[in-house]
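What follows is the residue order along each chain.
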Amino acid sequence: MAILVTGGTGYIGSHTIVELLNEGYDVVIVDNLSNSKIEVLHKIKQITKKDFKFYEVDILCREALEEIFKKNSIEAVIHFASLKSVGESVAKPLMYYNNNIVGTLVLCEVMNRYNVKKMVFSSSATVYKGSDSPLTEDSELGATNPYGNTKLMIEQILRDIYMSNNSWGITLLRYFNPVGAHESGLIGEDSVDTPNNLMPYITQVAIGKRKQLNIFGDDYNTYDGTGIRDYVHVVDIAKGHLKALDEILNKNQCEVYNLGTGKGYSVLDIIYQFTESTGIDIPYTVCNRRPGDVAICYADSTSAYEKLGWKSERNLDDMCRDSWKWQVLNPFGY
Ligand code: NAD
Ligand code: UFG
């Protein structure tokens, strides 16, 4: 029996596959390579010395997806495949609703048809309405952009599927801010365009690709005025999927867990820690706030700890060092 990983050549998917293979799972990957490169497959093999199947397939293509379910004995699905840029989703909402929501509907229909009823789904802290951190799974929900809406809607769809037939086992994982890379430096976040996120921007400044970091506002109501987030190492996030998988393979349920460290760090904290960890200064300038940003967002991950036995193990130093190692070893990405 194999685990089907949609979006498996992407950033979080590739790290999760390494953990799955290391734990002895059989893995089948589906990805249309819309935001990832085929080269990652060789890197995963290099790290794990294990083999797996890869299908270059769009999850919207029902026939191709059915073929995969016909040819492989799938036990459960980890569903990462999604478009994920907030700004792009505001400009192209139809593309986001179609890819993320219709893609998930097609996937669930095919799963149902082949009697595969176990799914771990990638949700996001973006589904929370407010910034009353720490955020628990019961904090108020509400998204402010089409990308966030797709995550909220898919969460609801998956809850409804479970309500209609509780032979399903579904886990919704709400990631906070995944950063870092595998300790080998062989896989990481491949940012071809200008990165939207803080850590890949910092590593590109550090390597000389960009002149300076723009800090999006220093007038927030926080201890140093810059935004506070819950940065969590991608390998810890990856390991969270194995815990979630373990639970649903043994239990029918629809549960939701925050995956974060429970600690918030400001933009300036990250800059100082990056310099501390790598010895490289990050020139920066303060500019206007980025529309849509909240001041503070960090998790209460007690539930993941109590029910899944998961907690983050890597600290900010690990996150900075591993992000930097990936950048240095792969200055042009894969
Ligand atoms: P990513 O873009 O690196 O990976 C997503 C993968 O899905 C890509 O390889 C892409 O090619 C593939 N894909 C997209 N649409 C597809 C389709 N229709 N058919 C097949 N493959 C398709 O993103 P990531 O950072 O690894 O994120 C993984 C998941 O986690 C996403 O669902 C994302 O929304 C969610 N998430 C990410 C973050 C983050 O900060 N990285 C935070 C919260 C949630
Ligand atoms: N920031 C800068 N300069 C940059 C980039 C970011 O100052 O060049 C600041 C932001 O203003 C924010 C912090 O750094 O205060 C973190 O920003 P990121 O873009 O790295 O992360 P966000 O928390 O804004 O967004 C991330 C994902 C979203 C997801 C959200 C909630 O990118 O997709 O977490 O989970 F919706």
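Please read all numbers here as calculations on a predicted model, not as lab measurements.

1. Here we look at the site of ligand 2
Then step 1. Around ligand 2, a shell composed of 22 residues is seen, among which Asn197, Asn214, Arg229, Arg290 and Asp293 lie nearest.
Then step 2. A distance of 2.9 Å is found between an oxygen atom of ligand 2 and a backbone nitrogen or oxygen belonging to Phe216.
Then step 3. Counting residues per element, the shell around ligand 2 draws most heavily on strand E8 (residues 213-216), which supplies 4 residues.
Then step 4. Of the residues that constitute the shell around ligand 2, the class distribution is 11 nonpolar, 7 polar and 4 charged.
Then step 5. Counting contributing residues, the shell around ligand 2 receives three or more from each of domain 1 (2-179 + 231-259) and domain 2 (198-229 + 262-329).

2. Observations concerning the site of ligand 1
Then step 1. Around ligand 1, the surrounding shell holds 27 residues, and the nearest of these are Asp31, Asn35, Ser36, Lys84 and Tyr147.
Then step 2. In the environment of ligand 1, an oxygen atom lies 3.3 Å from a nitrogen or oxygen atom belonging to the backbone of Gly10.
Then step 3. At 2.6 Å, a side-chain N or O of Ser36 approaches an oxygen atom of ligand 1.
Then step 4. Protein coverage of the free-state accessible area of ligand 1, which is 820 Å², stands at 95%.
Then step 5. Going through the elements one at a time, helix H1 (11-22), strand E5 (118-124) and helix H6 (146-164) are the ones with two or more residues in the shell around ligand 1.

3. Quick look at the pattern of salt bridges
Then step 1. All chains considered together, the criterion is met by 18 salt bridges.
Then step 2. Taking the shortest distance from any N to any O, the salt bridge between Glu109 and Arg62 comes out at 2.6 Å. A residue pair is termed long-range when its members are at least 10 positions apart, and Glu109 in helix H5 (residues 93-113) and Arg62 in helix H3 (residues 62-71) qualify at 47 residues.
Then step 3. Here Glu109 falls in the partly exposed class, since its relative accessible area comes to 41%.
Then step 4. The closest approach of N and O atoms between Lys307 and Glu255, which form a salt bridge, is 3.8 Å. Taken together, the positions of Lys307 in helix H10 (residues 302-308) and Glu255 in strand E11 (residues 254-259) put the pair 52 residues apart, joining distant regions of the chain.
Then step 5. Under the relative-accessibility criterion, Lys307 is labelled partly exposed at 48%.

About the thresholds
- Residues numbered from 1 in each chain as written.
- Chains lettered and ligands numbered in written order.
- Predicted model: local features only at pLDDT ≥ 70, side-chain atom pairs only at ≥ 80, totals over all residues.
- Heavy atoms only, no water.
- Near = heavy atom within 4 Å.
- Polar contact = N/O pair within 3.5 Å; in protein donor to acceptor, adjacent residues only side chain to side chain.
- Helix = DSSP H or I, 4+ residues; strand = E, 2+ residues; numbered from the N terminus.
- Nonpolar A, V, L, I, M, F, W, Y, C, P; charged D, E, K, R; others polar.
- Domains from an automatic or database assignment.
- Areas by Shrake-Rupley, 256 points an atom, 1.4 Å probe, with all protein chains shown as cover.
- Salt bridge = Lys/Arg side-chain N within 4 Å of Asp/Glu carboxyl O.
- Buried < 20%, exposed > 50% of the residue type's maximum accessible area, 1.4 Å probe, protein only.

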